[in-house]
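Here's the letter readout for the chains.
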Amino acid sequence: MTNKIADISIVDYGVSNVGSIQNMLRKIGFSVEVISSPEKILSSKKIILPGVGSFDNGMSALEGLGLVEAIKVKLLSEKTPFLGICLGMQLLSNGSEEGIKAGLGIIPGKCVKIRPAGLNPVKVPHMGWNVPVVIQDNVVLGVSDKSSRFYFTHSYHFVCENQDNVIAIVDHGANLTAMVQQKNVFGVQFHPEKSHRFGISILTNFGRL
């Protein structure tokens with residue numbers, strides 16, 4: 001009997017609790033596998049890269065497991081559907097003010113610290129519920145809806161070199177990037193696994209790609 005490849009693979013590189021994403025995907029009806037090897041990356045149908053914490057720690061974890069080149073092959077050569085969540089989205093960039101390591105370099109840009117300004121500066125980190133504004137049609141996020149609230153927690157935000165990669169923004173003292181896309185590669189700054197029915201919609205749309 002051959003092993004069936006799961007609908008979605010979640011990368012476990014030690015910087016995120018993958019359990020909540022795994023449980024939500026299974027509840028929706030997708031088969032899921034938690035993976036941490038280059039071989040599993042290369043055999044995946046769809047990939048989710050979650051993550052919390054510092055940029056350099058995340059990149060060091062991917063490098064330590066030998067996952068970087070395998071991820072690039074899947075994303076750039078094989079055009080495998082990919083979703084980066086929170087730090088997982090930021091790691092798609094070229095780098096971050098938070099550290100010195102180079103990112104995956106899939107979507108050109110840099111992550112910079114949220115800097116409060118003005119008479120009523122916002123709190124950092126940006127933590128809690130907020131409503132993204134969709135600025136480009138997108139099969140994963142869907143249409144702009146003022147009722148679609150998502151849970152954010154981050155101190156750095158992704159500044160894309162090409163604004164065509166910005167799919168949605170969120171207002172937190174300034175317009176911050178909430179979602180990015182480049183062809184088969186998607187990234188969300190918020191946590192769909194903590195966003196109830198709104199997050200279920202995101203993961204469902206990704207799983208159906």
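The structure presented is a predicted model; accordingly, all values stated were derived computationally and were not measured.

Here we look at the packing of aromatic side chains
Point 1. Scanning the model with the defined rule gives four aromatic pairs in all.
Point 2. Measuring from ring centre to ring centre gives 4.2 Å for Phe150 and Phe190, while their planes differ by 25°; the resulting arrangement is stacked. One end of the pair, Phe150, is in strand E9 (residues 150–154); the other, Phe190, is in the loop between strand E13 (185–188) and helix H6 (196–207), with 40 residues separating them in the sequence. For the pair shown, Phe150 and Phe190 are each scored as buried.

Here's the deal with the sheet that holds strand E6 (residues 109–113)
Point 1. Strand order in the open sheet formed by three strands is E5-E6-E10, and the pairing between neighbours is mixed. Each having just a single partner strand, strand E5 (95–96) and strand E10 (156–160) make up the two edges of the open sheet.

Re the side chain of Asn130
Point 1. Mapping Asn130 onto the fold places it in strand E7 (residues 126–130).
Point 2. By relative accessible area, Asn130 is classed as buried at 17%.
Point 3. A polar contact is formed between the side chain of Asn130 and the side chain of His126, at a distance of 3.3 Å.
Point 4. One polar contact links the side chain of Asn130 to the main-chain carbonyl oxygen of Asp171, over a distance of 3.1 Å.
Point 5. For Asn130, the contacting residues outside a window of four places in its chain are Ser148, Arg149, Phe150, Phe152, Val170 and Asp171.

Comments concerning the sheet that holds strand E1 (residues 8–11)
Point 1. Spatially, the eight strands line up as an open sheet ordered E2-E1-E3-E4-E13-E12-E11-E8, and their pairing is mixed. Two strands close off the open sheet at either side, each with one partner strand: strand E2 (32–35) and strand E8 (133–134).
Point 2. When E1 meets E2, the two strands line up parallel, connected through four bridges. For Ile10, the partnering residue across the bridge sits in E2 and is Val34.

What about the environment of Cys160?
Point 1. Along the polypeptide, Cys160 turns up in strand E10.
Point 2. For Cys160, a relative accessible area of 5% translates into the label buried.
Point 3. Sequence-distant contacts of Cys160, that is, excluding residues within four places in its chain, are made with Ile107, Pro108, Gly109, Asn165, Val166 and Val180.

Overview of helix H4 (residues 68–77)
Point 1. Those residues of H4 not exposed but buried are Val68, Ala70, Ile71, Lys74 and Leu75. Along the long axis of H4, the arc covered by the buried residues comes to 165°, so they all point the same way. Opposite the buried face of H4, at more than 90 degrees from it, the exposed residues are Glu69 and Ser77.
Point 2. Buried residues along H4 sit against helix H2 (38–42), strand E3 (47–49), helix H3 (55–64), strand E4 (82–85) and E13.

Section: the environment of Pro125
Point 1. Along the chain, the position of Pro125 falls in the loop between E6 and E7.
Point 2. Among the residues examined, Pro125 registers a relative accessible area of 35% and is labelled partly exposed.
Point 3. Residues Pro125 and Ile202, 77 residues apart in the sequence, show an inter-C-alpha distance of 23 Å.
Point 4. Dropping the residues within four chain positions of it, Pro125 is found in contact with His154 and Ser155.

Observations regarding the pattern of salt bridges
When charged atoms on two side chains of opposite charge get close, those side chains can pair.
Point 1. Here the structure, examined in full by the defined rule, presents four salt bridges.
Point 2. The shortest N-O distance in the salt bridge between Lys40 and Glu33 comes to 2.9 Å.
Point 3. Given the relative accessible area of 26%, Glu33 is considered partly exposed.
Point 4. Among the salt bridges present, the one from Lys74 reaches Glu78, with a minimum N-O distance of 2.9 Å.
Point 5. Overall, Lys74 belongs to the buried group, its relative accessible area being 3%.

Conventions used here
- Residues numbered from 1 in each chain as written.
- Predicted model: local features only at pLDDT ≥ 70, side-chain atom pairs only at ≥ 80, totals over all residues.
- Heavy atoms only, no water.
- Phe/Tyr/Trp six-rings, centres within 6.5 Å; stacked < 30°, edge-to-face > 60°.
- Helix = DSSP H or I, 4+ residues; strand = E, 2+ residues; numbered from the N terminus.
- Buried < 20%, exposed > 50% of the residue type's maximum accessible area, 1.4 Å probe, protein only.
- Pairing = 2+ DSSP bridges.
- Polar contact = N/O pair within 3.5 Å; in protein donor to acceptor, adjacent residues only side chain to side chain.
- Contact = heavy atoms within 4.5 Å.
- Arc of directions from axis to C-beta.
- Salt bridge = Lys/Arg side-chain N within 4 Å of Asp/Glu carboxyl O.

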